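One letter stands for each residue in the lines below.
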Amino acid sequence: MIVFNLGCGNNHRFEGWFASNEDFERQSESKLVTCPLCGNANVSRLPHAPHIGSGSKERSSATAAPAQPKQQYANVGKELLARMVEQVLENTEDVGAAFPEEARKIHYHETPERRIRGTASREEVDALKDEGIEVVALAIPAHRMSKTH
Ligand SMILES: [Zn+2]
């Protein structure tokens, strides 16, 4: 088995396991290789990252874990954050408790793409992220919360 560092058209990085170089080429050409994070089939090989602490000539498989995209943070002040929340409130549709379901439908193109907000439990958010659906937590002031829930 060979481990390849792969990247998709959306700049996600992950590792793929293949029997051989030809195996990768074949699967890649048949669009069988897709990004585990977003399903993008525009996958290409990246230069191999050095494996730290691997002394042997054999490539160590023990250290091969899928690369997780890093969460982004910003050190914005309270005022800017409040303005961002206002922006989100003005530009998203409140779907309330149907949020995980709607987010999923949009992700899988079962409904027109649009910006939504709503409520979801920690578990639901984790499940969405597992499926490669990006959601962010919002600190919405109590007086701006929707009355539907
Ligand atoms: Zn991707």
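Residues numbered from 1 in each chain as written. Predicted model: local features only at pLDDT ≥ 70, side-chain atom pairs only at ≥ 80, totals over all residues. Heavy atoms only, no water.

Caption draft 1: Spatial organisation of the pairing of strand β2 (residues 13–18). Residue alternation in β2 divides its side chains into a buried set, F14, G16 and F18, and an unburied set, R13, E15 and W17. Where strand β1 (residues 2–7) meets β2, six bridges bridge the pair, whose relative direction is antiparallel. Among the inter-strand pairings, I2 is bridged to a residue of β2, identified as F18. Between β1 and the antiparallel strand that follows it, β2, lie five residues; N11 among them carries a positive phi value of about 65°. (Buried < 20%, exposed > 50% of the residue type's maximum accessible area, 1.4 Å probe, protein only. Helix = DSSP H or I, 4+ residues; strand = E, 2+ residues; numbered from the N terminus. Pairing = 2+ DSSP bridges.)

Caption draft 2: Molecular detail of the coordination of the zinc ion. Of the protein atoms, only C8 (SG), H12 (ND1), C35 (SG) and C38 (SG) coordinate the zinc ion, at distances of 2.0 to 2.3 Å. Taken together, the four donor atoms coordinating the zinc ion span angles of 106 to 113° at the metal, a pattern that classifies the geometry as tetrahedral. Sequence spacing among the residues donating to the zinc ion works out to C-x3-H-x22-C-x2-C. Taken together, the residues span a long stretch of sequence, with C8 in the loop between β1 and β2 and C38 in the loop between α1 (21–29) and β3 (44–45) at a distance of 30 residues. Exposure remark for C38: the relative accessible area of 25% places this residue in the partly exposed category. (Donors = N, O, S within 2.8 Å, 3.2 Å for Na, K, Ca; no water. Tetrahedral: all angles 85-135°; square planar, octahedral: opposite > 155°, others 65-115°.)

Caption draft 3: Quick look at unusual backbone geometry. Even without being a glycine, N11 presents a positive backbone phi close to 65°. The topology assignment puts N11 in the loop between β1 and β2. For N11, a relative accessible area of 70% corresponds to the exposed category.

Caption draft 4: Inspection of the pattern of salt bridges at higher detail. Overall, the coordinates contain seven salt bridges when judged by the stated rule. Between R104 and E131 there is a salt bridge whose closest N-O contact spans 2.9 Å. Highlighted residues: R104 in helix α3 (residues 99–107) and E131 in the segment after α4 (122–130), separated in sequence by 27 residues. For E131, a relative accessible area of 26% gives the class partly exposed. Because the salt bridges share partners, they merge into one network encompassing E93, E101, E102, K105 and R114. (Salt bridge = Lys/Arg side-chain N within 4 Å of Asp/Glu carboxyl O.)

Caption draft 5: Examining the side chain of E102 more closely. Take E102: it is sitting in helix α3. The class for E102 is buried, based on a relative accessible area of 13%. The residues touching E102, leaving out its near neighbours within four places in the chain, are V95, T111, R114 and I116. (Contact = heavy atoms within 4.5 Å.)

Caption draft 6: How the structure looks around the sheet that holds β1. Overall, antiparallel pairing links the three strands, which are arranged β2-β1-β3 in an open sheet. On the outer flanks of this sheet lie β2 and β3, each paired with one strand and no other. Strand direction decides the pairing type here: β1 and β3, joined by two bridges, are antiparallel. If you follow G7 over to β3, its bridge partner there is S44. Packed onto the sheet, α1 meets β1, β2 and β3 and runs at close to 35° relative to β1. (Axes fitted to C-alpha atoms, helices over the stretch in contact; angles between N-to-C directions.)

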